[in-house]
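Secondary and tertiary structure notes
Residue-level listing of the chains:
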Amino acid sequence: MTRLPAMTTSIGAPRYTSTAIALHWLIAALIVCGFTLGLSMVDLPLSRQKLQWYAWHKSIGLTVLLLSCARLAWRGWHPPPPPPPMPDWQRRAAAISHSMLYVLLLVIPISGWLYSSATGVQVVYLGLVPLPAAALKHHVIDRDTVLWRMFPAARPRRPSKG
Ligand code: HEM
């Protein structure tokens, strides 16, 4: 794969590409909004507003997931600029922190999606796109045959009697 060189600022210092910068700040802003909404919505009494806030929270979280995938793909073709001079341990610590942040950017929204699906509420992205509920919920909680249907050689377990 051909990797393009990092961009530079007007004074010649290496910097992230404009797309990477835009994605970074957009994702950061969405996380702040989604996190604040998440903390506020759980204590609301059951109401139309609560359901609306949950729906917004889920769509914001899923947008974070989509943009994080885009960010990772973009990073594959556009390497980050080299860090300024620093001790080796700091460089390693920064690399580990960045990797962990990427993992969290994927794991947190996916776990929210799984949690929502496991409670039996279908997630409808932006109120328009119904997302498939997690087949894992059927396998682990309902213990039915939904997941097995996609395994050609597997012998489905008996559905539980209730
Ligand atoms: C960056 C992504 C996300 C962040 C940072 C985030 C954060 C949070 C926070 C802080 C809460 C409140 C927890 C509490 O106070 O009990 C929460 C609750 C919740 N989140 Fe997320 N979330 C994200 C993505 C998602 C996604 C993608 C979904 C579903 C598609 C989701 C579904 C939920 C649900 C259903 C609750 C309520 C749990 C309850 O009622 O106890 N979240 N989230």
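With respect to the overall build of the protein chain
Looking only at helices and strands, the protein chain has four helices and four strands in total. Mapped from its N terminus to its C terminus, the protein chain presents α and β elements in the order β-β-α-α-α-β-β-α. For the protein chain, with 162 residues in total, the buried portion stands at 22%. Restricting to contacts in the protein chain with at least 6 residues of sequence separation, those with at least 24 account for 51%.

Structural notes on the coordination of the iron atom of the ligand
With respect to protein ligation, the iron atom of the ligand binds only His 57 (NE2), at 2.0 Å. With respect to the helices and strands, the residue His 57 is situated in helix H2 (residues 48–77).

Notes on the site of the ligand
Taken together, 18 residues are adjacent to the ligand, and Gly 38, Tyr 54, His 57, Pro 109 and Gly 112 come closest. In the model, an oxygen atom of the ligand is placed 2.7 Å from a nitrogen or oxygen of the Tyr 54 side chain. Within the contact set of the ligand, a nitrogen atom lies 2.9 Å away from a side-chain nitrogen or oxygen of His 57. A molecule is said to occupy a pocket when more than half its atoms come within 2 Å of that pocket's grid points, and by this definition the ligand occupies the largest pocket.

As for the layout of surface pockets
Roughly 690 Å³ of internal volume is contained in the largest pocket. Around the largest pocket sit 26 residues that line it, and His 57, Gly 61, Ile 108, Pro 109 and Gly 112 are the ones nearest its centre. Elements supplying a minimum of two residues to the lining of the largest pocket: helix H1 (18–41), H2 and helix H3 (88–118). No other element matches H3, which puts nine residues into the lining of the largest pocket. For the lining of the largest pocket, a count of residues per class yields 17 nonpolar, eight polar and one charged. Its volume calculated, the second largest pocket comes out at about 430 Å³.

A few points about a nonpolar patch on the surface
Together, Tyr 16, Ile 21 and Trp 25 give the surface a local cluster of nonpolar side chains, amounting to about 310 Å² of exposed area. Along the chain, Trp 25 turns up in helix H1. Accessibility expressed as a relative area gives 57% for Trp 25, which makes it exposed.

So, empty space enclosed by the protein
Unoccupied space between atoms shows up once a probe the size of one water molecule is rolled over them. Taken as a whole, this structure holds one cavity of 30 Å³ or more when the rule is applied. Approximately 40 Å³ is the volume found for the largest cavity. Along its surface, the largest cavity is lined by Tyr 16, Thr 17, Ala 20, Arg 71, Trp 74, Arg 75, His 78, Pro 79 and Pro 80. For the lining of the largest cavity, the leading source of residues is H2, giving three residues.

Remarks on H3
For H3, built from 31 residues, the straight-helix expectation of 45 Å at 1.5 Å per residue is met to within 8% by its first-to-last C-alpha distance of 44 Å. Looking one or two residues past H3, Gly 120 carries a phi angle of roughly 90°, positive in sign.

Notes on the nonpolar core
Of all hydrophobic cores here, the largest spans nine residues; its members are Leu 23, Ile 27, Leu 30, Leu 37, Ile 60, Val 64, Leu 67, Tyr 102 and Leu 105. At four residues, H1 tops the list of elements feeding residues into this core. Ignoring any residue separated from it by four or fewer positions in sequence, one finds Leu 67 in contact with Leu 23, Leu 26, Ile 27 and Leu 30. Within the second largest apolar cluster, five residues are counted, among which are Leu 65, Val 123, Tyr 125 and Leu 131.

Description of the pattern of salt bridges
Within this structure, the stated rule accounts for two salt bridges. Ionic pairing is found between Asp 88 and Arg 92, a salt bridge with its closest N-O pair at 4.0 Å. Of the two residues, Asp 88 and Arg 92 are both situated in helix H3; the distance of four residues between them amounts to about one turn of the helix. When sorted by exposure, Asp 88 lands in the same class as Arg 92, which is exposed. Each of Asp 88, Arg 91 and Arg 92 takes part in one network of salt bridges that share partners.

Conventions adopted
Residues numbered from 1 in each chain as written. Predicted model: local features only at pLDDT ≥ 70, side-chain atom pairs only at ≥ 80, totals over all residues. Heavy atoms only, no water. Helix = DSSP H or I, 4+ residues; strand = E, 2+ residues; numbered from the N terminus. Buried < 20%, exposed > 50% of the residue type's maximum accessible area, 1.4 Å probe, protein only. Contact = heavy atoms within 4.5 Å. Donors = N, O, S within 2.8 Å, 3.2 Å for Na, K, Ca; no water. Near = heavy atom within 4 Å. Polar contact = N/O pair within 3.5 Å; in protein donor to acceptor, adjacent residues only side chain to side chain. 1 Å grid on protein atoms, 1.4 Å probe; cavity = no way out; pocket = protein on both sides within 12 Å on 5 of 7 lines; lining within 4 Å. Sits in = over half its atoms within 2 Å of the grid points. Points joined across faces, edges and corners; volume = space filled by probe spheres on them. Nonpolar A, V, L, I, M, F, W, Y, C, P; charged D, E, K, R; others polar. Patch = residues over 30% accessible without salt bridge, like charges linked within 9 Å, V, L, I, M, F, W, Y side chains within 5 Å. Areas by Shrake-Rupley, 256 points an atom, 1.4 Å probe, with all protein chains shown as cover. Salt bridge = Lys/Arg side-chain N within 4 Å of Asp/Glu carboxyl O. Expected span 1.5 Å × (residues − 1). Core = buried A, V, L, I, M, F, W, Y, C linked by side-chain atoms within 4.5 Å.

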